[in-house]
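Close look at the chain arrangement
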Amino acid sequence: MSISQSPQIFLIDDDHDLRHALEQSLELDGFDVLSYSRAADALPQIHFQLFGIVVCDVRMPEMSGPEFLKKTIEIDPALPVIFITGHGDVAMAVSAMRDGAYDFIEKPFPTSQLSLVINRAVEKRRLVLENRVLREEIESEDLLDETLIGRSPHMVQIRQQVKMLGDADIDVMVNGETGAGKDMVARALHEHSARKDKPFVAVNCGALPGEIIESELFGHESGAFTGANQKRIGKIEYANGGTLFLDEIESMPLDLQVKLLRVVETRGVERLGSNNTIPLDIRIVAASKDDLAEASAEGRFRQDLYFRLNVASINLLPLRDRTEDILMLFYRLTRQARARFRKEIPELTPDLVAALHAHDWPGNVRELRNCADRFVLGMGLGLGEDMLGAENDSRAYHLSDQVARFEKSVIATEISRNKGALKPTYEALGISRKTLYDKMKKYGLETDQLDGDV
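**Examining the packing of helix H7 (residues 153-166) against helix H8 (residues 182-191)**
Following both chains from N to C, one finds H7 and H8 inclined at 40 degrees, their axes separated by 8 Å at the closest point. With respect to H8, the axis of H7 lies oblique. In this structure, the crossing between H7 and H8 has a hand that is right-handed. Residues Ile 158, Val 162, Leu 165 and Gly 166 of H7 pack against Val 185, Ala 188 and Leu 189 of H8. When the residues that make up the contact of H7 with H8 are grouped by side-chain class, the tally is 6 nonpolar, 1 polar and no charged.

This is the structure in structure tokens:
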């Protein structure tokens with residue numbers, strides 16, 4: 001399935017003069033037009049992976065527009081079919097829209113109106129095909145792809161690092177903003193190691209109260225302190241043979257960092273109230289949202305512990321810096337939400353996609369998961385898209401504004417992917433060189449700093 005090529009416009013009308021005039025006008029607007037006088041001739045060209053839309057007259061001999069629509073729905077119910085109709089056929093066109101047509105335009109009409117409707121239909125078709133591509137990619141993913149989702153160069157590199165470090169059995173630091181997916185990286189490292197059948201023990205150092213964190217981590221013997229009525233195995237000891245994940249390690253008190261350093265150095269742990277050292281066979285994965293090198297230099301984190309843990313490091317970018325992953329992540333998260341809530345996933349329209357790309361995602365993947373949950377529950381995205389609509393008197397303006405944001409994001413991402421080379425960019429986007437330059441000028445995408453073959 002290829003959506004990098006130009007969309008095809010199937011123009012079907014038995015009126016030769018009108019068909020010829022529309023064909024010329026649409027081609028001047030940059031569309032790739034396939035012209036037919038009979039619907040039956042166009043039908044064999046319709047298929048499930050077609051990147052295109054249909055513009056069709058309502059009343060035609062042999063096979064009418066509504067009859068043609070029924071047959072296209074059998075092939076692909078998501079293929080946009082736009083009817084052009086005379087005044088006397090409006091009722092028939094409205095009925096066809098209830099049956100699945102995308103829109104209808106009443107004759108006579110300016111070609112600019114038809115081009116506008118076609119552009120909206122093409123964007124909807126593009127979105128449908130992109131979702132199908134994402135679905136195919138997700139369904140063909142291996143375990144690592146399912147855990148660390150994304151097709152950006154950054155996520156490809158993260159998966160490569162996990163594969164490389166998985167069996168290395170060394171301690172790893174994972175750095176990234178809150179909600180960026182550090183816990184998923186830690187689990188992936190565990191699942192791709194020889195320890196995968198042993199315990200994966202996660203400890204959030206920032207969530208444990210100071211008065212119990214030592215007992216939680218190191219365990220205690222019966223009678224070690226008031227209230228210690230029986231022996232307790234600590235998290236570190238429980239992880240023996242497997243992986244210990246210390247999340248938000250920057251929150252660990254300095255006095256406990258001293259004890260943890262001894263565990264890291266000796267691979268042994270002493271329970272509170274005991275003088276016996278219990279040997280450990282563990283791998284430690286630590287995660288931080290802060291720059292621990294800076295924190296250790298400022299005395300907020302022990303430098304010796306940082307150097308011991310930072311044998312290898314994985315640095316996760318925030319979601320706003322890898323926008324190519326947003327749709328794939330959102331699609332996966334909505335599928336998970338559908339399974340939890342037992343609700344169907346609503347239609348993801350172009351303006352909603354634009355809202356997803358326009359948002360800054362300060363909460364990263366965690367925020368995106370909440371957004372997906374709201375969307376499946378029928379509450380919208382919750383990104384202020386309703387407010388934006390209310391602030392504009394014209395919904396058409398709101399839609400065009402959101403689509404423009406989405407288009408700018410797609411073009412900027414493609415330019416970045418091609419490292420500034422414009423020729424592969426406009427070929428991948430399925431537009432002409434002039435169109436790309438025009439859109440770059442429109443959206444303020446500078447060309448003077450771009451490298452590569454233009």
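**Regarding the nonpolar core**
Within the largest apolar cluster, 29 residues are counted, with the highest numbers of intra-cluster contacts made by Leu 217, Ile 236, Leu 244, Leu 246, Ile 249, Leu 260 and Leu 309. Of all the secondary structure elements, the ones that give two or more residues to this core are strand S7 (200-204), helix H9 (210-218), strand S8 (243-247), helix H11 (254-266), strand S11 (283-288), helix H12 (292-297) and helix H13 (303-309). Within the second largest apolar cluster, 26 residues are counted, among which are Met 328, Trp 361, Ala 372 and Phe 406.

**Considerations on empty space enclosed by the protein**
Considering all chains together, one arrives at 1 cavity of 30 Å³ or more under this definition. If you add up the space inside the largest cavity, you get close to 40 Å³. Where the lining of the largest cavity is concerned, the elements lending two or more residues are helix H5 (111-139) and helix H15 (350-358). Here the lining of the largest cavity takes 4 residues from H5, the largest share from any one element. In terms of residue class, the lining of the largest cavity is built from 4 nonpolar, no polar and 3 charged.

Rules and cut-offs
Residues numbered from 1 in each chain as written. Predicted model: local features only at pLDDT ≥ 70, side-chain atom pairs only at ≥ 80, totals over all residues. Heavy atoms only, no water. Axes fitted to C-alpha atoms, helices over the stretch in contact; angles between N-to-C directions. Helix = DSSP H or I, 4+ residues; strand = E, 2+ residues; numbered from the N terminus. Parallel < 35°, antiparallel > 145°, perpendicular 65-115°, else oblique. Left-handed = near helix turned anticlockwise from the far one by under 90°. Contact = heavy atoms within 4.5 Å. Nonpolar A, V, L, I, M, F, W, Y, C, P; charged D, E, K, R; others polar. Core = buried A, V, L, I, M, F, W, Y, C linked by side-chain atoms within 4.5 Å. Buried < 20%, exposed > 50% of the residue type's maximum accessible area, 1.4 Å probe, protein only. 1 Å grid on protein atoms, 1.4 Å probe; cavity = no way out; pocket = protein on both sides within 12 Å on 5 of 7 lines; lining within 4 Å. Points joined across faces, edges and corners; volume = space filled by probe spheres on them.

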